[in-house]
Each structure stands twice: as structure tokens, then as C-alpha cells.
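# Structural features, examined
Each chain, letter by letter, is given below.
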Amino acid sequence: MTDKNKKSTYFEMPQLAVAPMMDWTDRHCRFFHRQISRHALLYTEMVTAPALVRGGAVHLLEYSPEEHPVALQLGGSDPVELAKAARLGAQAGYDEINLNVGCPSDRVQSGTFGAVLMRSPDLVAECVSAMKAVVDVPVTVKCRIGVDEQDPETVLPDFIARVVSAGCDYLIVHARKAWLQGLSPKENRDIPPLDYDLVLRMVEAFPDTPMSINGGIETLDAAQALFGRGVNGVMIGRAAYHRPWDVLSEVDARIFGVEPPSSTREGVIDAMRPYIEAHLATGGKLHQITRHMLGLFAGQPGARQWRRVLSEKANRPGMGVALLDEALDRMHHADPVTG
């Protein structure tokens with residue numbers, strides 16, 4: 001269907017992305033983030049190709065049109081199955097199909113995908129080629145700099161060369177090794193040292209392949225500093241989730257030169273009200289959405305009260321959007337010292 005060597009115009013602009021995070025970046029989280037930034041690229045949680053193709057779990061592809069630009073991250077290692085899953089994602093309207101070659105969890109390893117695939121670059125290349133052959137949207141790869149005893153200086157350039165030759169449009173490199181044995185997924189996000197310089201050398205070595213850097217980036221200032229060193233994109237994970245306003249509220253103005261959707265946190269809450277009401281009207285639960293909003297006032301006076309009200313009450317029967325007003329009221333009347 002496609003020419004695997006034809007590069008998309010999708011990546012001509014710089015990218016600031018929110019990382020795919022299991023149990024966090026679901027459709028409600030993405031809709032919430034979209035009320036803070038119109039242009040940050042959003043990713044789904046990882047969706048496994050077997051779940052879509054063998055399990056028929058196409059409900060996992062549901063999203064709101066307002067989420068665009070939004071990318072689907074797939075997990076898998078069977079080229080035929082991934083191609084079928086990628087086609088489903090493209091048919092659902094996703095702007096990008098991303099292959100997970102970075103997750104170090106035991107559950108992912110047992111399925112022979114995620115970071116363990118860093119040991120099988122030819123298989124990853126075959127998967128990329130198979131996906132590129134059936135979709136017209138960009139196919140990208142998110143990887144580590146290596147795993148376990150691998151030497152990243154040797155492994156990473158070879159890995160990149162192989163997936164690029166297979167047609168990979170864009171690479172997101174988490175600038176840490178993953179230790180598949182001995183470290184938990186949480187420890188793998190913090191303990192292996194970051195090596196931004198290696199990733200930046202890869203940017204220079206592969207000038208025709210756009211690359212994004214991920215890992216340990218906490219602020220928009222830090223992201224802009226990395227843009228200044230030549231990367232095409234920056235991906236931010238936990239900081240964007242736990243401090244969404246701090247990280248995302250200035251993205252549109254500072255990176256893309258346009259006005260953000262809201263100038264205040266309260267404006268974001270107002271934008272969420274119709275979405276929440278529609279969700280509740282179909283039988284959804286309030287906490288399914290508000291759990292992603294707990295960090296909206298991170299670092300602000302009274303933020304503890306905002307979090308407490310939503311955490312303690314949002315899962316109670318009958319709770320609706322009025323709870324947001326209660327949380328705001330408690331926050332505004334909180335003791336300035338104790339929160």
C-alpha cells in the first residue's frame with residue numbers, strides 16, 4: 001500500500017509529546033491533557049496486537065476526535081499480527097502507529113515484546129516493514145538505548161540503521177538502558193543512568209530520520225534546551241501526568257507559537273464539565289476521569305484539599321460534576337500553611 005522509503009510530512013514541525021503510560025494515558029487522561037495543550041502529541045497506553053487481532057478487543061481503540069493529534073502504541077512481535085493491528089489503528093483514525101520496544105515489565109517480556117526486542121533488531125525491522133506495507137500513517141518505534149549487558153554505543157546505531165532501512169518514520173529513544181532481570185519497571189525508569197549525549201550522537205549520525213528523546217525530562221525548559229541541541233522532539237512522561245499544568249500549559253505558545261486552549265486551570269475544569277457529564281450519562285464513573293485531574297493544581301496553595309476531595313469522594317455512588325466545585329471551594333479555603 002505504501003512506499004516504505006517515503007517520509008511523511010507529519011514530522012516537519014517539532015514535537016512535544018506525552019509518553020504512553022500503562023494505566024495512566026487512557027482516553028480520559030488524553031482528553032484532559034488536550035484541554036491544556038492543543039498541539040502536544042498524545043499517545044495511548046500500549047495496546048497489544050494479540051488483544052486486537054485474536055481477542056477482538058477493538059474497544060481499546062476508542063477515543064474522542066478532540067484528542068488529535070493522537071498516536072496508537074502497539075505491543076507485539078509477530079509481523080503479520082502487528083500489520084493487522086496497525087491497519088485497525090489506521091482505520092480508526094490514529095495519526096501514528098508506534099511500536100513499543102522499550103517496556104521492561106515481566107508481563108511484556110513474557111509476550112516477547114517491549115524492551116526485550118532490543119535483542120532482535122531484525123525482527124523489529126520485519127515488524128516495521130509489515131506495518132508500513134499496510135498503512136498510510138507514519139510508523140514509529142519507541143526504544144531503549146540497550147538492555148542488560150549490551151553496549152549501547154554498538155547496539156543502538158545498529159538497531160536504528162536496521163529499523164530505518166525497514167521504513168521507520170521516526171524514533172523515540174528512552175535514553176536509558178533497561179535491565180530485564182534485577183530491576184522492576186519502576187526502577188528501570190530511575191536507576192539506569194541517562195545518556196542524552198549518545199542519543200544526540202544518533203541524531204547527528206542519522207540526519208534523515210527524525211528522533212525524539214525521552215527519559216528524566218521534568219520541565220518545558222528542559223525540553224526546549226534539548227530542542228536547542230538538535231533533537232526533533234521531546235517526550236515527557238510522569239512529570240506531564242503528575243504536574244500537567246506546569247508542563248503542558250505553555251507548550252502551544254512556546255513550541256508552536258499559538259494560543260493555548262485555556263489560560264487558567266479553572267478554565268480547564270470548565271472545559272471538562274460537558275465531557276464528564278456525557279461520560280456519566282452513559283453509565284461511566286466520575287473517578288474514571290477525575291483520577292487524572294489530581295495533579296492539576298500541583299504546587300499551588302490548597303492543592304492537597306483538591307486532591308483529597310476528589311480521591312475520597314469521586315468513586316462514591318451518585319457523584320457528579322458538582323464535586324469539582326466542592327473540591328475547588330475546599331482548595332480556596334484551605335489553610336495556607338497546612339494546605
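How each quantity is defined
Residues numbered from 1 in each chain as written. Predicted model: local features only at pLDDT ≥ 70, side-chain atom pairs only at ≥ 80, totals over all residues. Heavy atoms only, no water. Helix = DSSP H or I, 4+ residues; strand = E, 2+ residues; numbered from the N terminus. Rg over C-alpha atoms; globule rule 2.2 N^0.38 Å. Buried < 20%, exposed > 50% of the residue type's maximum accessible area, 1.4 Å probe, protein only. Contact = heavy atoms within 4.5 Å. Lys, Arg positive; Asp, Glu negative; His and termini not counted. Charge placed at Lys NZ, Arg CZ, Asp CG, Glu CD. Disulfide = S-S within 2.5 Å. Patch = residues over 30% accessible without salt bridge, like charges linked within 9 Å, V, L, I, M, F, W, Y side chains within 5 Å. Areas by Shrake-Rupley, 256 points an atom, 1.4 Å probe, with all protein chains shown as cover. Salt bridge = Lys/Arg side-chain N within 4 Å of Asp/Glu carboxyl O. Expected span 1.5 Å × (residues − 1). Bend = angle between axes of the 7 residues up to and from the residue. pLDDT = per-residue confidence, 0-100.

This part is about the overall build of the protein. Along the backbone of the protein there are 16 helices and 9 strands. Taking 339 residues into account, the globule formula puts the C-alpha radius of gyration at 20 Å, and the protein, at 20 Å, falls close to it. If one aligns the C-alpha atoms of the protein with their principal axes, the spans along those axes are about 60 × 40 × 40 Å. For the protein, the residues scored as buried account for 55% of the 339 residues in total. A fraction of 73% describes how many contacts in the protein between residues 6 or more apart in sequence connect residues 24 or more apart. In the protein, 35 side chains carry a positive charge and 42 a negative one; their mean positions are 4 Å apart.

Inspection of the entire model under this criterion finds 0 disulfides. Left without a disulfide partner, Cys168 is nearest to the cysteine sulfur of Cys143, which lies 8.5 Å away. When its relative accessible area of 0% is taken as the criterion, Cys168 is described as buried.

Together, Arg304, Arg307, Arg308 and Arg330 give the surface a local cluster of positive charge. Broken down by element, the residue count for the positive patch peaks at 3 residues, all from helix H15 (residues 303-313). Tracing the backbone shows Arg330 in helix H16 (residues 322-332). Among the residues examined, Arg330 registers a relative accessible area of 34% and is labelled partly exposed.

Right, let's get into helix H13 (residues 265-281). In this model, H13 (17 residues) spans 25 Å end to end at C-alpha, consistent with the 24 Å of a helix rising 1.5 Å per residue. By the largest-angle criterion, Arg273 marks the main kink of H13, which is about 30 degrees, and a proline, Pro274, follows within four residues. Within H13, burial applies to Arg265, Val268, Ile269, Met272, Arg273, Tyr275, Ile276 and His279. Following H13 by one or two positions, Gly283 adopts a phi angle in the positive range, close to 95 degrees.

We now examine the pattern of salt bridges. Applying the stated criterion across every chain, the model contains 18 salt bridges. Each member of the salt-bridge network shares a partner with another, and the members are Glu218, Arg243, Asp246 and Arg265.

With respect to the element layout, Val18 can be found in strand E1 (residues 15-18). For the pair formed by Val18 and Val234, sequence separation is 216 residues and the distance between their alpha carbons is 8.7 Å. Those residues in contact with Val18 that lie beyond four places of it in its chain are Thr25, His33, Leu41, Leu42, Tyr43, Met235, Ile236, Ala240 and Leu248.

Across the protein, the average pLDDT comes to 93, with 94% of residues at or above 70. Low pLDDT (under 50) marks residues 1-8, which in the prediction has 22 contacts with non-local residues, meaning those over four places away or in another chain.

Locating Ala51 in the fold gives a position in helix H2 (residues 49-53). Ala51 has contacts with Gly56, Ala57 and Leu60, leaving out every residue within four places of it along the chain.

This paragraph deals with the environment of Ile36. By secondary structure assignment, the location of Ile36 is in the loop between helix H1 (27-34) and strand E2 (41-43). Each C-alpha atom, one on Ile36 and one on Val247, is 9.5 Å from the other, the two residues being 211 residues apart in sequence. Discounting residues that sit within four places of it in the chain, Ile36 has contacts with Pro244, Trp245, Leu248, Ser249, Pro260, Pro261, Val268 and Leu296.

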